[in-house]
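Structural features, examined
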Amino acid sequence: MAAGKWIGGILGFMQGGPLGALAGFAIGWLFDSGLDTFSEGESGDEYRQRQGNRYAQYNQQQRQYAEGQRNTFLFSILALASYVIRADGKVMHSEMQTVRNFLRQNFGEVAVKQGEEILLRLFEQQKQMGWQQFSNTIRQACIQISFNMGYSERLQLFNFLVIIAQADGMIVSEEVNVLKEIAQYLGLSAADVDSMLNLKDSSTNLEAAYRVLGIAPSATNDEVKKAYRQMALKHHPDRVSTLGNDVKKAAQKKFQEINNAKDLIYKARGM
């Protein structure tokens, strides 16, 4: 996907609300700086005309809805990642590299620099607004996100944020607090948050595996099976298919980790 397409798409979709304000500040600066964000040297009018011609060949309403969901999802990751990364007052190279890899996998090499510039501008906005005011903006943005995304999509968004926080090999208490704060604003349950935070160790640590399924080690075998079925339904990759194949692949990895947790518990119980 060309960098101009995703940046133009974000600006085109987010016309209001806290996400729109964040996008306007961070992305608009790229245009003001003279950075060419449109592919193949085309102008903004040419880009919009070409897109309009293409959309005319499809079911416009469905396609625009899907792209709107994806644009919201992708910029939300950058906005919320800026909050998580700065939670402990430091910007770690490993965390930034995780974001770069995410951009590279989603949009290609050309978008990495632009996405990084957006993230740096969001860091700058944090400084200008102050942590408390920016925190309130993030809270409002999360509320906006919750109105635009289904529960499974919000879970996948949160999963990306956990991966970023874990990039340096550990999650400090400040990051955990911010992740839980975001999860609360997104309307995620405490059990689901605990599950996501333990996914990384769920294939080797039995205690973590139980936490992933949201049950105690004292649970019966029937309760274990029921908990797994509920998790499998909630986190099935097909539930985020409208967000694109790359996001679906990440959801498949998460789904496999849930299966690994189930397998570890089943093995320990001889099931």
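In the block above lies the structure referred to throughout.
Anyway, here's the lowdown on the structure attached to this text. Along each chain, residues carry numbers from 1 onward, in the same order as the chain's sequence is written. Only residues with pLDDT of 70 or above have their local features reported here, since the model is predicted, and side-chain atom pairs are shown and tallied only from 80 upward, although totals for entire chains, interfaces and linings are computed over all residues. No hydrogens and no water enter the side-chain calculation; it runs on all heavy atoms of the structure.

Moving on, we get to the overall build of the protein chain. Strands here are runs of E lasting at least two residues and helices are runs of H or I lasting at least four, both read from the DSSP assignment and numbered beginning at the N terminus. Secondary structure summary: the protein chain contains 13 helices and zero strands in total. When its helices and strands are written in sequence order, the protein chain yields α-α-α-α-α-α-α-α-α-α-α-α-α. For the exposure calls, accessible area comes from a 1.4 Å probe over protein chains only, and a residue counts as buried if that area is under 20% of its type's maximum, exposed if over 50%, partly exposed in between. Burial status across the protein chain gives 49% buried among its 271 residues. In this analysis, two residues are considered to be in contact whenever any of their non-hydrogen atoms come within 4.5 Å of each other. Contacts spanning at least 24 positions in sequence make up 74% of the contacts within the protein chain whose residues lie at least 6 apart. A total accessible area of about 12,900 Å² is found for the protein chain, and carbon and sulfur atoms account for 49% of it. Computed with a 1.4 Å probe, the accessible areas rest on the Shrake-Rupley method; for each residue, only the protein chains presented here act as cover.

Attention shifts here to the nonpolar core. For this analysis, a nonpolar core means a set of buried residues of the types Ala, Val, Leu, Ile, Met, Phe, Trp, Tyr and Cys, connected via side-chain atoms within 4.5 Å. Formed by 66 residues in total, the largest nonpolar core has its most connected members in Leu80, Ile85, Leu157, Phe158, Leu179, Ile182 and Leu213. Broken down by element, this core gets its largest block of residues, 11 residues, from helix α4 (residues 60–85). Structurally, this core is a two-domain feature, drawing no fewer than three residues from each of domain 1 (18–33 + 65–200) and domain 2 (203–269). Residue ranges for the domains trace back to a domain assignment, done automatically or taken from a database.

Attention now goes to the pattern of salt bridges. Salt bridges, as used here, are contacts in which a Lys or Arg side-chain nitrogen is within 4 Å of a carboxyl oxygen on Asp or Glu. By the definition in use, this model includes five salt bridges. Residue arginine 121 is joined to glutamate 124 by a salt bridge in which the shortest nitrogen-to-oxygen separation is 3.1 Å. Taken together, the residues arginine 121 and glutamate 124, both in helix α6 (residues 109–129) and three residues apart, mark about one turn of the helix. On the basis of relative accessibility, which here comes to 32%, the residue glutamate 124 falls in the partly exposed class. Here lysine 262 ties to aspartate 263 by a salt bridge, and the two come within 3.1 Å at their closest N and O atoms. Relative accessible area serves as the criterion here: at 39%, aspartate 263 is assigned to the partly exposed category.

These figures capture arrangement, not role.
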